[in-house]
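Chain by chain, the residues run as shown.
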Amino acid sequence: MSVFDDPGLFGRLWAAGYDDGGTNPDPAPAVDFLADLADGGPVLELAIGTGRVALPLAERGLAVHGVEASEEMLSQLRAKPGGERIPVVVADMADVPVPGEFRLAYLVFNTLFNLVDAERQADCFRNVARVLSPGGAFVIETFVPDPRSFDSDEQVQVRDVTEDSATIRLHRYDRPAQRFIRQTITFDADGVHLKPFAMRYAWPHQIDEMAQQAGLRLTERYADWHRRPFQADSPSHISVYRAE
């Protein structure tokens, strides 16, 4: 199945070492921010993954629920203390197949862009709006696309080289569709190992339009979880949308 058609592919390929990845940020600032907005809960995390954010929120007494497309990611969550107590539906997060109402729903660490079709991103907003309580919040964290980072259709990066292996990463961009496919390739004594990944990126104003069409309005936007002001050159944004 194509990387563009399989919502669970990322988890199957990356779950085993996901929590060890050097690119994973400290979840504490996000947990503090989200706990403030939760107002006692209940809370829904889309693409709950290994529970890096959900478990600390649950430890604060919030009723946390999740949606996750990957059984492998869910296994990582279940293996952690308290992970077995969080109810999780295994499904495509865009469908939000859970009963409401939730005081807070959230998608962190660019995960909205893992929905690689514009319509599926819009579906996600519509379905979240359906399960939010009146005045409930939907929080999105994504990077702000920088055209300078994809000024060529193809990119090749050397990720790691040792005596026993070499890892390279290749990107191919489809700028009209606002999508890219990334392939991480490792060569070692056991052969060639492929880890494909794809994203459909969007600018903040495009995300605002999807929210508006779903009946959600932007109420807050920050540059990071510490609530620093969002500016024109901010590389990422934390946006809070409220149900009407």
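Just above, that's the structure.
What comes next concerns the included structure. (Residues numbered from 1 in each chain as written. Predicted model: local features only at pLDDT ≥ 70, side-chain atom pairs only at ≥ 80, totals over all residues. Heavy atoms only, no water.)

1. With respect to the overall build of the protein
Thought 1: What the protein contains, in helices and strands, is 6 helices and 11 strands.
Thought 2: Expressed as a percentage of the 244 residues in the protein, the buried residues total 49%.
Thought 3: Taking the contacts inside the protein whose residues are at least 6 apart along the sequence as the reference set, 59% of them involve residues at least 24 apart.
Thought 4: Element-wise, carbon and sulfur atoms account for 50% of the exposed surface of the protein, whose accessible area totals about 11,900 Å². (Helix = DSSP H or I, 4+ residues; strand = E, 2+ residues; numbered from the N terminus. Buried < 20%, exposed > 50% of the residue type's maximum accessible area, 1.4 Å probe, protein only. Contact = heavy atoms within 4.5 Å. Areas by Shrake-Rupley, 256 points an atom, 1.4 Å probe, with all protein chains shown as cover.)

2. Quick word on the nonpolar core
Grouped burial of nonpolar side chains is what soluble globular proteins tend to show.
Thought 1: By size, the foremost hydrophobic cluster in this structure holds 36 residues, and its most contacted members are L44, L46, F125 and F138.
Thought 2: Mapped by element, the contributors of at least two residues to this core are β1 (43-46), β4 (102-107), α5 (118-131), β5 (132-143), β9 (191-200), α6 (204-213) and β11 (236-243).
Thought 3: Considering every element that reaches this core, the biggest residue donor is α5, with 5 residues.
Thought 4: When neighbours within four sequence positions are excluded, F138 is seen to be in contact with L46, A105, Y106, L107, C124, F125, V128, L132, L216, S239, V240 and Y241.
Thought 5: Within the second largest apolar cluster, 28 residues are counted, among which are L55, L57, L62 and I238. (Core = buried A, V, L, I, M, F, W, Y, C linked by side-chain atoms within 4.5 Å.)

3. Concerning the pattern of salt bridges
Close approach of charged atoms allows side chains of opposite charge to pair.
Thought 1: Applying the stated criterion to the full structure yields 12 salt bridges.
Thought 2: The salt bridge involving D32 is made with R60; its shortest N-O contact spans 2.4 Å. Here R60 lies in the loop between α3 (54-59) and β2 (64-68) and D32 lies in helix α2 (residues 28-38), a separation of 28 residues in the sequence.
Thought 3: By relative accessible area, R60 is classed as partly exposed at 47%.
Thought 4: Through salt bridges with shared partners, a single network forms among D92, D95, E119, R120, D123 and R126. (Salt bridge = Lys/Arg side-chain N within 4 Å of Asp/Glu carboxyl O.)

4. Quick notes on the sheet that holds strand β6 (residues 154-161)
Two modes of strand pairing occur in sheets, parallel and antiparallel, and in both the strands are linked by backbone hydrogen bonds.
Thought 1: With respect to topology, 4 strands assemble into an open sheet ordered β6-β7-β8-β9, the strand pairing being antiparallel. Taken across any chain shown, the strands that pair with only one partner, and hence form the sheet edges, are β6 and β9. Between one strand axis and the next, the sheet turns through 15 degrees on average, direction left out of account.
Thought 2: By the bridge criterion, 7 bridges tie β6 to strand β7 (residues 166-174) in an arrangement that is antiparallel. Within β7, the position partnered with V158 by the bridge is I168. (Pairing = 2+ DSSP bridges. Axes fitted to C-alpha atoms, helices over the stretch in contact; angles between N-to-C directions.)

5. What to know about the pairing of β4
Thought 1: The element β4 is largely enclosed, with a buried count of 5 among its 6 residues.
Thought 2: Remark: the β4/α5/β5 crossover connection has right-handed handedness. (Right-handed = clockwise from strand over helix to strand, strands pointing away.)

6. Looking at a nonpolar patch on the surface
Thought 1: A contiguous nonpolar surface patch, about 280 Å² in accessible area, is contributed by F187, V192 and L194.
Thought 2: With respect to the helices and strands, the residue V192 is situated in strand β9.
Thought 3: The exposed category is assigned to V192, whose relative accessible area is 52%. (Patch = residues over 30% accessible without salt bridge, like charges linked within 9 Å, V, L, I, M, F, W, Y side chains within 5 Å.)

7. Some remarks on α6
Thought 1: For α6, the complete set of buried residues consists of P204, Q206, I207, M210 and A211. All buried residues of α6 fall inside an arc of 165 degrees around its axis, so they share one side. Pointing more than 90 degrees away from the buried face of α6 are the exposed residues Q212 and Q213.
Thought 2: Structurally, α6 contributes buried residues whose contacts are with α5, β5, β10 (216-222) and β11.
Thought 3: The positive-phi residue at the C-terminal boundary of α6 is G215, with phi of around 85 degrees. (Arc of directions from axis to C-beta.)

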